[in-house]
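Descriptive structure summary
Each chain, letter by letter, is given below.
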Amino acid sequence: MSTSDQDQSVDTPIPAPDAGAAAETETEVETETEVEDRRLTPRQARRLRIALSSVGMVAMAVVLGLRIASRSSVLVVGVYGLALILCGIVIELSRNGRTRLGSWLLAVGLVAAIGSDWLLIP
């Protein structure tokens, strides 16, 4: 033991925190709960993903109809048909609680469909 440890008695009370520190602690707790309140519940996340997939499915169907009207090609039907199937798969994944996988699949699949339309279809 050092001499500074020996000078303090065992029953020394711990000083109470000042009011400023208490206010900062309450603010930090309120901020953390506000962040947690803004997060989506699993049910809300599933419903949001289902809604986004449904909107994507409708958009792909409209684009497919427009592309077929301008030039009918098996490649057009294939690309947009696969995008429609992908949106349906994402809806099913979201209904089963796999929203993160569905999110990634929807984002990557729609970017791939748009990219392949731009690169492959003349």
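Since the model is a prediction, treat every value here as computed from it, not as a measurement.

Focus: the overall build of the chain
- Scanning the chain from terminus to terminus reveals five helices and zero strands.
- Taken over 122 residues, the chain has a buried fraction of 22%.
- Counting contacts in the chain only where the partners sit at least 6 residues apart, residues at least 24 apart contribute 62% of the total.

Focus on the side chain of threonine 99
- Following the sequence through the fold, threonine 99 ends up in helix α5 (residues 99-120).
- Owing to a relative accessible area of 16%, threonine 99 belongs among the buried residues under this scheme.
- In contact with threonine 99, other than residues within four places in its own chain, are Ala45, Arg46, Arg49 and Ser94.

Overview of the nonpolar core
- Counting 12 residues, the largest nonpolar core consists of Met60, Leu64, Val76, Val79, Tyr80, Ala83, Cys87, Val90, Leu106, Leu110, Ala113 and Ile121.
- Counting only elements with at least two residues in this core, the list comes to α3 (42-70), α4 (74-95) and α5.
- Sorting elements by how many residues they give to this core places α4 first, with six residues.
- Excluding residues that lie within four positions of it along the chain, isoleucine 121 makes contacts with Arg67, Arg71, Leu75, Val76, Val79 and Ser116.

Notes on α3
- The terminal C-alpha atoms of α3, which comprises 29 residues, lie 42 Å apart, in line with the 42 Å expected from a rise of 1.5 Å per residue.
- Among the residues of α3, those classed as buried are Ala45, Arg49, Ser53, Gly56, Met60, Leu64 and Arg67.
- Where the residues of α3 are buried, they touch α4 and α5.

About the cut-offs
- Residues numbered from 1 in each chain as written.
- Predicted model: local features only at pLDDT ≥ 70, side-chain atom pairs only at ≥ 80, totals over all residues.
- Heavy atoms only, no water.
- Helix = DSSP H or I, 4+ residues; strand = E, 2+ residues; numbered from the N terminus.
- Buried < 20%, exposed > 50% of the residue type's maximum accessible area, 1.4 Å probe, protein only.
- Contact = heavy atoms within 4.5 Å.
- Core = buried A, V, L, I, M, F, W, Y, C linked by side-chain atoms within 4.5 Å.
- Expected span 1.5 Å × (residues − 1).

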